[in-house]
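# Understanding the architecture of this molecule
So the chains spell out like this:
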Amino acid sequence: MVMVKVDAVTKRFANVPALTELSIEVKDGEFFIMVGPSGCGKTTLLRILAGLERPDSGEVWFGDRCVTATDPGSREVGMVFQNYALYPHLSIFENLAFGLRVRRTNRKEVRERVTDVAKLLDLQELLERKPKQLSGGQRQRVALGRAIMRQPQLLLMDEPLSNLDAILRERMRIELRRFHDRLGITTIYVTHDQKEAVSMADRVMVMNGGRIEQMGSPEEIIRHPSTEFAARFMGQPPMNMWRASMEVNATGAALISAGSESSWTIPGPWPRIFIGSPHIWLGVRPHDLALASPGEVADLVVTVDVVERGGADEVFLHCRHRDETLVVCVAGTRRIPRAGEEVGLTVRLDRIHMFDTDTGARIQPLVGNGRAAATALLVGGELQ
Ligand code: ATP
């Protein structure tokens, strides 16, 4: 168990920047998940942490030990990858024991460690079998067992569940988190799967082009995305995003015009730099839109394009509003409009998000005396 610090790490492959001045601190015992589009540098960072790649500049610290130049075998790191590649000709017992045998650990200790790990991961009955006689989930548990045989202080996982079917993934997500809570090993985990990030992580890092877009708890990122990219990337279905304009009136309230029939007024105070109606990205999550009840004034009138069942009690309405498309999440228990129907929508104005179209930075109202938010806005958004 260890605190991990990555300090201003940069890594390039030929001319391709994989990571640029990236700094993070992962707390002792934390379950830290990295997400981001393909090629954003997730695996490169994991390989640097494992010692399989050297950064061009910057440092990596495990607790008070600088490990930037330490070889992988001396880092006390366990790794689980997508291709867990068990040795097919060896029994599960020998697969688990392999690392200790290579290090000539005495037989008694090997047996004790394998027994402990097998018990922990519920593999006792499978020790005499060969990998091909196991299910995908059981094999994945063996891979995890192999990674923790040497009692690592840090566990690195690169999409470990991506080869499993949907039901097994669901079960393994819960098992992995339970396992983590029991052992408390600092875990850094890469995934493309939003559900994994939201259900397992203490903290998520959204990456883009070798840099950090946002770090925070899954709830924080979903409720308060700090950039347009993070807003679009996290949350299922993705956030609806329109081009809109925003003007701050004399009372400090924002008037938002999203191409809809009526403008919306959002009480502020908002930074007065928006006097003059600049363009913004306006974001609304599908769960923050609702079908207007009979007699209720609609904020938007849309045409339903496709009705998609999201599960037992959710329906996603894919709608058109002039040239924009948007998704609305409604409860499956109410009357569901049909494709082609025109419906009125209400918007939860306390849940809308605004982003600067040039920088992608979040635009937020001034709070308290306004200074902190205004500073963040001016620095992040370079809007002065
Ligand atoms: P994915 O989600 O597709 O696995 P990733 O976020 O893990 O992607 P990386 O594998 O870290 O991304 O790659 C980051 C960038 O570095 C990419 O542009 C990739 O093509 C490049 N890259 C990674 N490894 C090498 C290598 N050994 N040689 C050259 N370029 C590399």
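Residues numbered from 1 in each chain as written. Predicted model: local features only at pLDDT ≥ 70, side-chain atom pairs only at ≥ 80, totals over all residues. Heavy atoms only, no water.

Okay, the pattern of salt bridges next. The final tally for this structure, using the stated rule, is 20 salt bridges. A salt bridge links Asp56 to Lys11; the shortest N-O distance between them is 4.0 Å. One end of the pair, Asp56, is in the loop between helix H1 (42-50) and strand E4 (57-62); the other, Lys11, is in strand E1 (residues 4-13), with 45 residues separating them in the sequence. Exposure remark for Lys11: the relative accessible area of 9% places this residue in the buried category. Put simply, Arg203 and Glu30 hold a salt bridge, and the shortest N to O gap is 2.6 Å. Here Arg203 is found in strand E9 (residues 203-208), whereas its partner Glu30 is found in the loop between strand E2 (16-26) and strand E3 (31-35), with 173 residues between them in sequence. A relative accessible area of 5% means that Glu30 is categorised as buried. Look at the salt bridges and you will find they share partners, linking Lys11, Arg47, Glu53 and Asp56 into a network. (Salt bridge = Lys/Arg side-chain N within 4 Å of Asp/Glu carboxyl O. Helix = DSSP H or I, 4+ residues; strand = E, 2+ residues; numbered from the N terminus. Buried < 20%, exposed > 50% of the residue type's maximum accessible area, 1.4 Å probe, protein only.)

Accessible area lost during the coming together of the parts is what is often quoted as the interface size. By domain assignment, the protein separates into domain 1 (4-227) and domain 2 (237-383). Tallying the contact residues gives seven residues for domain 1 and eight residues for domain 2. Both sides of the domain 1 and domain 2 interface together cover about 520 Å² of buried area, and 46% of this is carbon and sulfur. Here domain 1 and domain 2 share zero salt bridges between them. If you look at where domain 1 meets domain 2, you find three residue pairs in polar contact (both at pLDDT 80 or more). Classifying every residue of the side of domain 1 that touches domain 2 by side-chain character gives three nonpolar, three polar and one charged. (Domains from an automatic or database assignment. Contact = heavy atoms within 4.5 Å. Buried area = accessible area lost by both parts, 1.4 Å probe. Polar contact = N/O pair within 3.5 Å; in protein donor to acceptor, adjacent residues only side chain to side chain. Nonpolar A, V, L, I, M, F, W, Y, C, P; charged D, E, K, R; others polar.)

So, about the site of the ligand. Close contacts around the ligand come from Phe13, Val16, Ala18, Pro37, Ser38, Gly39, Cys40, Gly41, Lys42, Thr43, Thr44 and His192, and that covers them all. Separating an oxygen atom of the ligand from a side-chain N or O atom of Lys42 is a distance of 2.8 Å. Side-chain polar atom of Thr44 to an oxygen atom of the ligand: 2.5 Å apart, as the coordinates give it. When isolated, the ligand has an accessible area of 630 Å², and the protein chains bury 60% of it. Within the residue set of the shell around the ligand, elements represented by two or more residues are E2 and H1. If you tally residues by element for the shell around the ligand, the top one is H1, at three residues. Looking at the shell around the ligand, its residues break down into five nonpolar, six polar and one charged. (Near = heavy atom within 4 Å. Areas by Shrake-Rupley, 256 points an atom, 1.4 Å probe, with all protein chains shown as cover.)

The subject of this paragraph is the confidence of the model for the protein. Mean pLDDT over the protein works out to 86, with 93% of the residues at or above the 70 mark. The low-confidence segment residues 368-384 (pLDDT under 50) makes 26 contacts with residues lying over four places distant or belonging to another chain. (pLDDT = per-residue confidence, 0-100.)

Looking now at the pairing of strand E16 (residues 300-309). Relative to strand E19 (residues 342-347), E16 is paired through four bridges, and the arrangement is antiparallel. The partner of Val302 across the bridge, within E19, is Val343. Looking at chain direction, E16 and strand E17 (residues 314-321) are connected through six bridges and run antiparallel. Residue Val304 lies in a different strand from E17, and its bridge partner there is Cys319. With antiparallel pairing between neighbouring strands as the criterion, E16 and E17 make up a hairpin whose turn holds four residues. (Pairing = 2+ DSSP bridges.)

What follows covers the sheet that holds E3. A sheet is described by the order of its strands in space; here six strands give the open sequence E6-E7-E8-E3-E9-E10, paired in mixed fashion. Pairing within the sheet leaves two strands with one partner each, and these edge strands are strand E6 (77-81) and strand E10 (211-216). Averaged over all pairs of adjacent strands, the angle between their axes in this sheet comes to 15 degrees, without regard to strand direction. As judged from the four bridges shared by E3 and strand E8 (residues 186-190), these two strands associate in the parallel manner. When the sheet's bridge partners are listed, Phe31 is paired in E8 with Thr187. Running at roughly 160 degrees to E6, helix H4 (residues 136-148) makes contact with E6 and strand E7 (154-158) of the sheet. On the sheet, helix H5 (residues 166-183) packs against E3, E7 and E8 and is oriented at approximately 140 degrees with respect to E3. (Axes fitted to C-alpha atoms, helices over the stretch in contact; angles between N-to-C directions.)

Moving on, we get to the side chain of Arg141. For Arg141, the position within the fold is in helix H4. Its relative accessible area of 10% is what places Arg141 among the buried residues. If we ignore the near neighbours within four places in the chain, the residues touching Arg141 are Leu121, Asp122, Leu123, Met172 and Glu175.

Below, the discussion takes up the nonpolar core. Counting 43 residues, the largest nonpolar core has Ile33, Leu96, Val114, Leu144, Leu155, Tyr189 and Val204 as its most contacted members. Elements with a minimum of two residues in this core: E3, helix H2 (92-102), helix H3 (107-120), H4, E7, H5, helix H6 (194-200) and E9. Apart from residues no more than four positions distant in its own chain, Ile33 is found in contact with Tyr189, Thr191, Glu196, Ala197, Met200, Ala201, Arg203, Val204 and Met205. Among the nonpolar cores identified, the runner-up in size contains 31 residues, and Met246, Leu282, Leu291 and Met354 belong to it. (Core = buried A, V, L, I, M, F, W, Y, C linked by side-chain atoms within 4.5 Å.)

Glancing now at a nonpolar patch on the surface. The grouping of Tyr87, Phe98 and Val102 at the surface amounts to a nonpolar patch, some 250 Å² of accessible area in total. You can see Phe98 is positioned in helix H2. Phe98 gets classed as partly exposed once you look at its relative accessible area, which sits at 32%. (Patch = residues over 30% accessible without salt bridge, like charges linked within 9 Å, V, L, I, M, F, W, Y side chains within 5 Å.)

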